[in-house]
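# Summary of the model geometry
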Amino acid sequence: MAALLTRTKGRTARPHRNLVRSYAEDLRLFGTPASRVGLVAMLAVLLVLPTVVQDDFWLSVLIYSGITAIGAIGLNLLTGYCGQISLGHSFFIGAGAYCAALVGGDAGLPLPLWLLASAAVGAVLGGLIGPFTLRLRGHYLAIVTLGLIFIGEHLWRNLKDVTGGNNGTSVLAQPTIGPVDLGAIKLAGETYSRNQGYFWLVWVLVAVIALLAKNLARTRPGRALRAVRDHDQAAEVIGVRAGRYKIGAFMVSSAIASMAGALFGSYQQHVSPDDWTLLLSIQYIAIIIVGGLGTIFGSILGAIFVGALPALIDEYSSAIPGVATEAGGDGFISVFALNQAIFGLLIVLFLVFEPRGLAGIWFRVKAYFKAWPFSY
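For the structure given in this document, a descriptive report is provided here. (Residues numbered from 1 in each chain as written. Predicted model: local features only at pLDDT ≥ 70, side-chain atom pairs only at ≥ 80, totals over all residues. Heavy atoms only, no water.)

A separate point is the packing of helix α8 (residues 194–218) against helix α9 (residues 220–230). It is the contact of α8 with α9, at a shortest axis distance of 4 Å, that shows an interaxial angle of 70°. Taken together, α8 and α9 sit at an angle that is classed as roughly perpendicular. Residues Leu-216, Ala-217 and Arg-218 of α8 lie in contact with α9, whose contacting residues are Pro-221, Gly-222, Arg-223 and Arg-226. (Axes fitted to C-alpha atoms, helices over the stretch in contact; angles between N-to-C directions. Helix = DSSP H or I, 4+ residues; strand = E, 2+ residues; numbered from the N terminus. Parallel < 35°, antiparallel > 145°, perpendicular 65-115°, else oblique. Contact = heavy atoms within 4.5 Å.)

One non-glycine residue, Gln-269, adopts positive backbone phi at about 70°. Structurally, Gln-269 is set in the loop between α11 (242–268) and β6 (270–271).

Let us look at the layout of surface pockets. Of the voids in this model, the second largest pocket is the one considered here, and its volume is about 930 Å³. Of all the secondary-structure elements, those providing two or more residues to the lining of the second largest pocket are α3 (56–81), α11, α12 (278–291), α14 (309–315) and α15 (335–353). Among the residues forming the lining of the second largest pocket, the class breakdown is 16 nonpolar, eight polar and four charged. (1 Å grid on protein atoms, 1.4 Å probe; cavity = no way out; pocket = protein on both sides within 12 Å on 5 of 7 lines; lining within 4 Å. Points joined across faces, edges and corners; volume = space filled by probe spheres on them. Nonpolar A, V, L, I, M, F, W, Y, C, P; charged D, E, K, R; others polar.)

The next subject is the environment of Tyr-98. On the secondary structure map, Tyr-98 appears in helix α4 (residues 89–106). Distance from Tyr-98 to Trp-156, taken between C-alpha atoms, is 9.0 Å for residues 58 residues apart in sequence. Apart from the residues lying within four places of it in its own chain, the contact partners of Tyr-98 are Trp-156, Val-162, Thr-163, Thr-169, Val-271, Ser-272, Pro-273 and Trp-276.

This paragraph deals with the packing of aromatic side chains. Summed over the entire model, instances satisfying the criterion amount to 12 aromatic pairs. An angle of 50° between the planes, with centres 5.9 Å apart, marks the rings of Tyr-64 and Phe-264 as tilted. With Tyr-64 in helix α3 and Phe-264 in helix α11, the pair connects residues that are 200 residues apart, well separated along the chain. Taken together through their ring pairs, the aromatic side chains of Tyr-64, Phe-91, Phe-92, Tyr-98, Trp-156, Tyr-198, Phe-264, Tyr-267 and Trp-276 make up a single cluster. (Phe/Tyr/Trp six-rings, centres within 6.5 Å; stacked < 30°, edge-to-face > 60°.)

Shown next, in the form of structure tokens:
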């Protein structure tokens, strides 16, 4: 009987130990050989891709997707991890772009300074707005943050000394770090184009911000954010200061969004109030839903999948049946309306059929291959 109990105990304890080991590996950023191999492969792609893909159109699509991924990571920390729905994300992105125009363009400061200044402005704005949302959840919070779009539109059109009014302003913030100009890199006798330099800049920042956000999500503050998201009153009972974490989430999300706006303005070199509309905020909502709420990896997947769609549709609109192009045609829908329809359709389809987004599909595929006999 004792031997039987011992064998039974061993059989039940082994899966428990495997579960604990698996959970410990999930908490580590690169806890498995596969994740480390994947990291090396992504770094190799990051270094090699601009030298292989030299077409300016595709490089610009990847650059805009990377900038969008940075903003999506910020929104996912706020909405996916903390449960605070925000429709005012474009307000903070616009604030970052105008800050880069002032600090990087007019003052002529280098890249690290105008990028950090934009993040600081976003954090301050998020800290000012955060306390007003402490008693709000769900659609009430969404309506309040929606007001930021209209407040921002009024400010961007009337603060002409800063924003240039309706005509916009030039953003001359240069991607320089000391003597190195990332817009015209010379290395080993080779000269790389502005798009190649911006690709490396943007996607290195995507990797750094994703790493920091993932590290935040797996630590005690990240667990507190998820507790606030699931039930803020229960989180208060167990000692989590929900108000502090809600304001902190707004500040971090707004800082990251402003950095994305600064990069957008620097790359595009001209911004106007028409760039920071409600459609941009809806696009970011679509990105984190399609990519996967509550996942950093999903933010990047969603940015690549959804963020590249407008550029691709605009580029190949003449080949899409029924689309009216600028050159004319008998189409029944414009490129702008088609983009809006696609965003709405993607949100509905993923919420109904795949609530965990592209990241959920990837997790299921990974779990399927882990279950194969040779994976043990």
